[in-house]
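# What the coordinates show
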Amino acid sequence: MKITRQKHAKKHLGFFRNNFGVREPYQILLDGTFCQAALRGRIQLREQLPRYLMGETQLCTTRCVLKELETLGKDLYGAKLIAQKCQVRNCSHFKNAVSGSECLLSMVEDGNPHHYFVASQDQNLSVKVKKRPGVPLMFVIQNTIVLDKPSPKTIAFVKAVESGQLVSVHEKQSIRQLKEEQGLVKNPEQRRRKKRKKVSGPNPLSCLKKKKKAQDTKPSASEKKRKRKRKSAPNTSQILRKIIFS
C-alpha cells in the first residue's frame, strides 16, 4: 500500500514539475486543520513528508493561521505548537488578519508563482484550490499523508497551453528572463530611473535682463514746441527802471 502511494505521489509530482516548474525544496503551506489531523494521527511531518515526496521539504504557514489557532483556544493547542515550528511566510494581511483558509487561498493567487503546496482538511478550501490551476493539494486520510491528483481545472489548463491557446506562468517567467539577458526588456529599476525626471534649473533666457526699448532720437513736434524758449515776463525791478528813466 505504501509503495502504491509513493508511485502516485511520484507521478503527480512529475506532472507539476514538468508543467508548472515545481522544484525542491517543496514549500508546503499548512493550516490548523492539517496540523490537528497530523497530531491525531501521530504523524511526524518533518520526517514523513520528505520520504513521501522523495525530496527536501519546507513546512510553512502564515500569521493569519497562527492567530486563528490562538483564538480557538486550548482544544487546538497542540496544532498551534506544530504550526509555530513552521516557517512563517508573509501574507498581505498585516493590519487585519483573516481566516486561515482565506489567507492560504490568497497565497496561491496569480498562478501560484512561489509553487506552494496547500495542506488542509478544510473541504471548502480544497474545492477552491482545485479551481486554481497549478496548486498541489495535500491532506490526511486514515493517518497517512496523500498528495491529491491534478484537478480537472489544472489538466484543462495544461491542455490549453499545449495547444497554444495559453501561456503558463512558468513559461512567462522563462521568456522574461531570456529577454532581460538579451537586453530586450529592461529591469524595473532601470525603468524607474528612466521615468525620474532630472531637476531642471531656470530657463537661461528668462534670466537675461530685459532690453530697454530704443528711444527715438528724433524729437517730436510737441517736444520741439516745448524746447522753444519763451520770453520771460519783466520783473518788478525792470518795471521800476523803465518808470524812473522814462
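Residues numbered from 1 in each chain as written. Predicted model: local features only at pLDDT ≥ 70, side-chain atom pairs only at ≥ 80, totals over all residues. Heavy atoms only, no water.

The name given to the protein chain in an unreviewed UniProt entry is rRNA-processing protein UTP23 homolog, with the source organism recorded as Desmodus rotundus. Entered under Subcellular location (unreviewed entry) in the UniProt record, the comment concerning the protein chain runs "Nucleus, Nucleolus". (UniProt positions renumbered as here; feature names shortened; annotations may be inferred.)

## A few points about the side chain of Arg 89
In this fold, Arg 89 is placed in strand 3 (residues 87-89). For the buried Arg 89, no salt bridge exists, and the shortest N-O distance to an oppositely charged side chain is 9.9 Å, to Glu 56. At 2.9 Å, the side chain of Arg 89 and the side chain of Gln 27 are in polar contact. Among the polar contacts made by the side chain of Arg 89, one reaches the side chain of Gln 58 at a distance of 3.0 Å. The contact partners of Arg 89, leaving out residues within four places of it in the chain, are Gln 27, Leu 29, Gln 58, Cys 60, Thr 61, Thr 62, Arg 63, Met 107 and Tyr 116. (Helix = DSSP H or I, 4+ residues; strand = E, 2+ residues; numbered from the N terminus. Buried < 20%, exposed > 50% of the residue type's maximum accessible area, 1.4 Å probe, protein only. Lys, Arg positive; Asp, Glu negative; His and termini not counted. Salt bridge = Lys/Arg side-chain N within 4 Å of Asp/Glu carboxyl O. Polar contact = N/O pair within 3.5 Å; in protein donor to acceptor, adjacent residues only side chain to side chain. Contact = heavy atoms within 4.5 Å.)

## Here we look at the sheet that holds strand 4 (residues 116-119)
Across the sheet, six strands lie side by side as 3-2-1-4-5-6; this open sheet has mixed pairing. Each end of this open sheet is capped by a strand with a single partner; those strands are strand 3 and strand 6 (144-147). Going across the sheet, the axis of each strand differs from the next one's by a mean of 35 degrees, ignoring polarity. The pairing of strand 1 (residues 26-30) with strand 4 spans four bridges and is parallel. Its bridge partner lying in strand 4, Ile 28 is registered against Phe 117. (Pairing = 2+ DSSP bridges. Axes fitted to C-alpha atoms, helices over the stretch in contact; angles between N-to-C directions.)

## Quick look at the pattern of salt bridges
This model, assessed by the stated rule, comprises one salt bridge. Here Lys 130 and Asp 148 are joined by a salt bridge, their closest N and O atoms 3.5 Å apart. Highlighted residues: Lys 130 in helix 7 (residues 123-130) and Asp 148 in the loop between strand 6 and helix 8 (152-162), separated in sequence by 18 residues. Classification of Asp 148 as buried rests on a relative accessible area of 16%.

## What about the packing of helix 2 (residues 32-40) against helix 5 (residues 77-84)?
Working note: a packed helix pair is described by the angle between its axes plus the distance between those axes. Contact geometry for helix 2 and helix 5: axes closest at 8 Å, N-to-C directions at 110 degrees. Here helix 2 is positioned roughly perpendicular relative to helix 5, judged by the angle of their axes. In this structure, helix 2 contributes Gly 32, Cys 35, Gln 36 and Leu 39 to the contact, and helix 5 contributes Gly 78, Ala 79, Ile 82 and Ala 83. Across the contact of helix 2 with helix 5, the residue classes break down as five nonpolar, three polar and no charged. (Parallel < 35°, antiparallel > 145°, perpendicular 65-115°, else oblique. Nonpolar A, V, L, I, M, F, W, Y, C, P; charged D, E, K, R; others polar.)

## Some points on the pairing of strand 6
Examined bridge by bridge, strand 5 (residues 137-141) and strand 6 share four bridges and lie antiparallel to one another. For Phe 139, the partnering residue across the bridge sits in strand 6 and is Val 146. Hairpin connection, strand 5 to strand 6: the antiparallel pair is bridged by two residues, and Gln 142 has positive phi, about 50 degrees.

## Let's talk about the nonpolar core
Of all hydrophobic cores here, the largest spans 51 residues; its most connected members are Leu 30, Leu 45 and Met 138. Once residues within four sequence positions are removed from consideration, Leu 30 is found in contact with Cys 35, Leu 45, Leu 59, Cys 60, Thr 61, Val 65, Cys 86, Leu 104 and Ala 119. (Core = buried A, V, L, I, M, F, W, Y, C linked by side-chain atoms within 4.5 Å.)

## Observations regarding the pairing of strand 2 (residues 57-62)
Of all six residues that make up strand 2, five are buried, and the element is covered over most of its length. Two strands pair when backbone bridges link them, and strand 1 and strand 2 are joined in this way by four bridges, in the parallel orientation. Its bridge partner lying in strand 2, Leu 29 is registered against Cys 60. Here three bridges tie strand 2 to strand 3, and the two strands are oriented parallel to one another. Across the sheet, residue Thr 61 finds its bridge partner in strand 3, namely Val 88.

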